[in-house]
Amino acid sequence: MAEVNNNSKKANDLVILDEDELNQEVQKTNGFVPEAEESFLYDNALVQALSFEHLTCFNPKISPAQPGMNLMVRSLGSGDYERGFLDLLAQLTKVGEISKSDFLKRFNSMKGCKGTYYVTVIEDTSTHEIIGAATLVVEQKFIRGCAKKGIIEEVVVSDRYRGRQLGKLIVATLIEMGKSLGCYKVSLNCTDQMIKFYCSLGFKQEEGNANFLQIRM
Ligand SMILES: CC(=O)SCCNC(=O)CCNC(=O)[C@H](O)C(C)(C)COP(=O)(O)OP(=O)(O)OC[C@H]1O[C@@H](n2cnc3c(N)ncnc32)[C@H](O)[C@@H]1OP(=O)(O)O
């Protein structure tokens, strides 16, 4: 549900739209959503509540609530298209041509899968640029008494901000988020070169179970 300003009525009239109506409004405006109406993929209170007190891998200490001057760790927002979120992802892999309308359709579809997609970003609040991102996907299972498993994907820090612990910060944020959401484990796959980085955050290669297989379509 979202509140939008309905200009055909009085200027301050607000109406509540369901998901389909919101998508129609987005199409009418070619994807543009005024900043005042920004919505977030998940509740930002979840990030702010995470404690990093027990973590020893940060020197100096930083946390999602205190990531450093002019930085903010939060959920992906509907306005992050303009803040360079996709340009940042392009530093990780191919992104392709994505219009604002495409972005918002995918954003709303993810938001509709409540409790599944936790795309998390770091914003430089002095420039309003997205300079770090990573995704936690929470997979629901039948095994282990209907358990939940977390998967970390698409970890990237802007090349202008690397070496400032922000990669560790965003991954540790998603690990702690997975814990607080009740995941029994969190996994990821990465290149050989990145193993040391992830092991420094507690990931382990399990003997006899460290293979990652795929078919590319
Ligand atoms: C599951 C996945 O998504 S895997 C894909 C990972 N992402 C990428 O490869 C995209 C391109 N790379 C990046 O965006 C960044 O280099 C990141 C996200 C990997 C690391 O971001 P940074 O903010 O630079 O990391 P941070 O400053 O927290 O570094 C922490 C440690 O990891 C090490 N490290 C950082 N990047 C790398 C790397 N590419 N390879 C090996 N080690 C690395 C650092 O040297 C540092 O080690 P130290 O604590 O011993 O000094």
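In this text the structure is predicted, and so the values were computed from the model without any measurement. (Residues numbered from 1 in each chain as written. Predicted model: local features only at pLDDT ≥ 70, side-chain atom pairs only at ≥ 80, totals over all residues. Heavy atoms only, no water.)

## Examining the overall build of the protein chain
For step 1, the next point in the chain: Along the protein chain, the regular secondary structure elements total seven helices and seven strands.
For step 2, the next point in the chain: In the protein chain, buried positions account for 40% of the 217 residues.
For step 3, the next point in the chain: For the protein chain, restricting intrachain contacts to residue pairs at least 6 apart in sequence, the fraction spanning at least 24 positions comes to 65%.
For step 4, the next point in the chain: Accessible surface, the protein chain: about 13,500 Å² in total, of which carbon and sulfur atoms supply 50%. (Helix = DSSP H or I, 4+ residues; strand = E, 2+ residues; numbered from the N terminus. Buried < 20%, exposed > 50% of the residue type's maximum accessible area, 1.4 Å probe, protein only. Contact = heavy atoms within 4.5 Å. Areas by Shrake-Rupley, 256 points an atom, 1.4 Å probe, with all protein chains shown as cover.)

## Focus on the side chain of arginine 74
For step 1, the next point in the chain: With respect to the secondary-structure elements, arginine 74 resides in strand 3 (residues 71-75).
For step 2, the next point in the chain: Its relative accessible area of 4% is what places arginine 74 among the buried residues.
For step 3, the next point in the chain: A polar contact of 2.8 Å, which involves the side chain of arginine 74, links it to the side chain of glutamate 123.
For step 4, the next point in the chain: Arginine 74 has contacts with Phe40, Tyr42, Asn44, Asp80, Arg83, Val119, Thr120, Val121, Glu123 and Ile130, leaving out every residue within four places of it along the chain. (Polar contact = N/O pair within 3.5 Å; in protein donor to acceptor, adjacent residues only side chain to side chain.)

## Overview of the side chain of threonine 120
For step 1, the next point in the chain: If you trace the backbone, threonine 120 turns up in strand 4 (residues 117-124).
For step 2, the next point in the chain: We classify threonine 120 as buried; its relative accessible area is 0%.
For step 3, the next point in the chain: Within the local environment of threonine 120, its side chain forms a polar contact with the side chain of tyrosine 42, the two groups lying 2.7 Å apart.
For step 4, the next point in the chain: Ignoring any residue separated from it by four or fewer positions in sequence, one finds threonine 120 in contact with Tyr42, Val73, Arg74, Leu76, Gly132, Ala133, Ala134, Ile170, Leu174 and Met177.

## Details of the site of the ligand
For step 1, the next point in the chain: Close to the ligand lie 19 residues; Val155, Val157, Gly163, Gly167 and Lys168 are nearest.
For step 2, the next point in the chain: With respect to the ligand, the backbone of glutamate 154 contributes an N or O atom lying 3.3 Å from an oxygen atom.
For step 3, the next point in the chain: The separation between an oxygen atom of the ligand and a polar side-chain atom of arginine 162 is 3.4 Å.
For step 4, the next point in the chain: Burial of the ligand by the surrounding chains reaches 67%, relative to a free accessible area of 940 Å².
For step 5, the next point in the chain: A total of six residues in the shell around the ligand trace back to one element, the largest contributor, which is strand 6 (residues 148-157).
For step 6, the next point in the chain: Grouping the constituent residues of the shell around the ligand by class yields nine nonpolar, five polar and five charged. (Near = heavy atom within 4 Å. Nonpolar A, V, L, I, M, F, W, Y, C, P; charged D, E, K, R; others polar.)

## Re the nonpolar core
For step 1, the next point in the chain: Ranked by internal contacts, the top residues of the largest apolar core, which has 47 residues, are Phe85, Leu136, Ile152, Val171 and Met177.
For step 2, the next point in the chain: Elements supplying a minimum of two residues to this core: strand 3, helix 3 (85-89), helix 4 (100-112), strand 4, strand 5 (129-140), strand 6, helix 6 (166-180) and strand 7 (183-187).
For step 3, the next point in the chain: Here this core gets eight residues from one element, more than from any other, and that element is helix 6. (Core = buried A, V, L, I, M, F, W, Y, C linked by side-chain atoms within 4.5 Å.)

## With respect to the pattern of salt bridges
Two side chains that carry opposite charge are able to pair once their charged atoms sit near each other.
For step 1, the next point in the chain: Counting across every chain of the model gives eight salt bridges.
For step 2, the next point in the chain: Residues arginine 74 and aspartate 80 are paired through a salt bridge, measuring 2.8 Å at the closest nitrogen-oxygen approach. The same class applies to arginine 74 as to aspartate 80, namely buried.
For step 3, the next point in the chain: Note that lysine 179 and glutamate 176 form a salt bridge whose closest N and O atoms lie 3.1 Å from each other. Here lysine 179 pairs with glutamate 176, and both are found in helix 6, just three residues apart, close to one helical turn.
For step 4, the next point in the chain: Owing to a relative accessible area of 51%, lysine 179 belongs among the exposed residues under this scheme.
For step 5, the next point in the chain: Several salt bridges share partner residues, and in doing so they unite Glu38, Arg74, Asp80, Arg83 and Glu123 into one network. (Salt bridge = Lys/Arg side-chain N within 4 Å of Asp/Glu carboxyl O.)

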